[in-house]
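Each chain, written out:
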Amino acid sequence: MAARARSEERRAEILRAAFEVIAERGYRGASLGAVAERVGLTQQGLLHYFPTKEALLVAVLEARDQWDAVPRGEWRLDLLGSLVEYNAMRPGIVQTFSALLGESVTDGHPARAFFTKRYEAVRENFTEVLRAEYGDRLPGGLTPEAAAPLMVAAMDGLQYQWLLAPDAVDMPGAFRDFLRLLGGSPGDSSPGADGGDDFDLDQRPRRDEP
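Quick look at the structure, then. (Residues numbered from 1 in each chain as written. Predicted model: local features only at pLDDT ≥ 70, side-chain atom pairs only at ≥ 80, totals over all residues. Heavy atoms only, no water.)

1. Here we look at the overall build of the protein
Filter applied, for reference: The helix count covers DSSP runs of H or I at least four residues long, the strand count covers runs of E at least two residues long, and both are numbered beginning at the N terminus. Exposure categories follow from relative accessible area, calculated using a 1.4 Å probe and restricted to protein chains: below 20% of the type maximum is buried, above 50% is exposed, and the middle band is partly exposed. For this analysis, residues touch if any pair of their heavy atoms sits within 4.5 Å. For accessible areas, the Shrake-Rupley method is used with a probe of radius 1.4 Å. Any residue's cover is judged against the shown protein chains and nothing else.
In terms of regular secondary structure, the protein is built from 9 helices and 0 strands. Put simply, the protein runs from its N terminus to its C terminus through helices and strands in the order α-α-α-α-α-α-α-α-α. Among the 210 residues that make up the protein, the fraction classed as buried is 37%. Taking the contacts inside the protein whose residues are at least 6 apart along the sequence as the reference set, 63% of them involve residues at least 24 apart. As presented, the protein carries roughly 12600 Å² of accessible surface, and 52% of it is formed by carbon and sulfur atoms.

Here it is as structure tokens:
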């Protein structure tokens, strides 16, 4: 039992080191040797825990998701806002995730399948969250299915902007603003916000109208 506990502790140490190395160099620039050196192992010793670089990458991504894990059906909009605030306190993890996400869109990247499957699950989860909050239609008229990809895009897009300019982008505040847009916040004077007619694109003022 003690040996197993030491092994799990070692694995966790390796994953933390891998996060750091990937954040600094990206997946392509990160090497097993660099990770091994950071935890005081030889590369051969590291292979005892993770037989390939791809296996280490998948373990890093799965560990990141486990840290944020909330049982399906228990997410709420206010918890999503809290998650964004939490992410703002751990830039290293957000940087690693964002770097891997950006790289994963290339053909043949070992994380591509992981992120594709992950986003399918996240969109489904966010759809359930929005339906629980608003029913089958949000105040602006979107269905939860249509709004869910926008919420994912806002969350991840804000992370990139915040990483590039943390002093200029208030990531938690901007995400809260986005949620207010989705929900039609009190005082919103846009058409449809007070239960009136839905906004008609054909009725927008022309550029020469006041």
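2. Comments concerning the side chain of T127
How we decide: Two N or O atoms form a polar contact when they lie within 3.5 Å of each other; inside protein one atom must be a possible hydrogen donor and the other a possible acceptor, and for residues adjacent in sequence the pair counts only when both atoms belong to side chains.
Relative to the helices and strands, T127 resides in helix α7 (residues 112-134). Of the polar contacts made by the side chain of T127, one reaches the backbone oxygen of R123; its length is 2.8 Å. Non-local contacts of T127, meaning those with residues more than four positions away in its chain, are made with P144, E145 and A148.

3. A short note on the pattern of salt bridges
Heads up, the rule is: Salt bridges are counted wherever a side-chain nitrogen of Lys or Arg sits within 4 Å of a carboxyl oxygen of Asp or Glu.
Counted according to the given criterion, the structure contains 9 salt bridges. Among the salt bridges present, the one from E20 reaches R38, with a minimum N-O distance of 3.3 Å. Here E20 is found in helix α1 (residues 2-29), whereas its partner R38 is found in helix α2 (residues 32-38), with 18 residues between them in sequence. Assessed through its relative accessible area of 41%, E20 is described here as partly exposed.

4. What to know about the packing of aromatic side chains
Aromatic rings in a pair are described by how distant their centres are and how their planes are angled relative to each other. Under the convention used in this document: Aromatic pairing here means that ring centres of Phe, Tyr or Trp (its six-membered ring) are within 6.5 Å. Orientation follows from the plane angle: under 30 degrees is stacked, over 60 is edge-to-face, and everything else is tilted.
Tallied over the full model, the rule gives 3 aromatic pairs. Residues F114 and F115 carry aromatic rings whose centres are separated by 5.5 Å and whose planes lie at 85° to one another, so their mutual orientation is edge-to-face. Of the two residues examined, F114 and F115, each falls in the buried class. An aromatic cluster of at least three residues, connected via ring pairs, comprises F97, F114 and F115.

5. With respect to the environment of V94
Note on placement: V94 falls in helix α6 (residues 91-104). Taking the C-alpha atoms as reference, V94 lies 8.9 Å from Y160; in sequence the two are 66 residues apart. Not counting chain neighbours up to four residues away, the residues in contact with V94 comprise N87, Q159, W162 and L163.

6. Concerning helix α9 (residues 171-183)
Count 3.6 residues to each turn of an α-helix, and residues three or four apart come out pointing the same way. Defined as follows: Here the expected length of a helix is defined as 1.5 Å per residue gap, with one fewer gap than residues.
An ideal rise of 1.5 Å per residue puts 18 Å on 13 residues; α9 measures up with 18 Å between its terminal C-alpha atoms. Looking at α9, one finds that the buried residues are M171, P172, G173, F175, F178, L179, L182 and G183. Buried residues along α9 sit against α5 (77-87), α7 and α8 (144-164). Where α9 begins, the side chain of D170 points an oxygen toward the backbone nitrogen of G173, at a separation of 3.1 Å. Within two residues after α9, G184 carries a phi angle of roughly 65°, on the positive side.

7. Side note on the packing of α7 against α8
Rules: Here the axes come from fitting lines to C-alpha atoms, over the contacting stretch only for helices, and the angles between their N-to-C directions go from 0 to 180 degrees. Two helices that cross are described as forming a left-handed crossing if the nearer one is turned anticlockwise from the farther one by less than a right angle, and a right-handed crossing if clockwise. Under the convention adopted here, Pro, Cys and the residues Ala, Val, Leu, Ile, Met, Phe, Trp and Tyr are nonpolar, Asp, Glu, Lys and Arg are charged, and Gly plus all remaining residues are polar.
Put simply, α7 and α8 touch, their axes get as near as 8 Å, and they point 115° apart. The handedness of the crossing between α7 and α8 is right-handed. On α8, the residues that touch Y119, V122, R123, F126, T127, L130 and R131 of α7 are P144, E145, A147, A148, P149, M151, V152, M155 and D156. In terms of residue class, the contact of α7 with α8 is made up of 11 nonpolar, 1 polar and 4 charged.

8. Focus: α7
Relative to the 33 Å expected for 23 residues at 1.5 Å per residue, α7 spans 32 Å between its end C-alpha atoms, a close match to the ideal helical length. Among all positions in α7, only F114, F115, R118, Y119, V122, N125, F126, T127, V129 and L130 are buried.

9. Looking at the nonpolar core
Inclusion rule: To form a nonpolar core, buried Ala, Val, Leu, Ile, Met, Phe, Trp, Tyr and Cys residues must be joined to one another through side-chain atoms within 4.5 Å.
Counting residues in each nonpolar core, the largest one holds 56 residues, and the members touching the most others are L56, L80, F115, M151 and F175. Contributing elements (two or more residues each) for this core: α1, α2, α4 (53-67), α5, α6, α7, α8 and α9. For L80, the contacting residues outside a window of four places in its chain are W75, F126, V129, M151, M155 and F175.

Just geometry here; none of it tells us what the structure is for.
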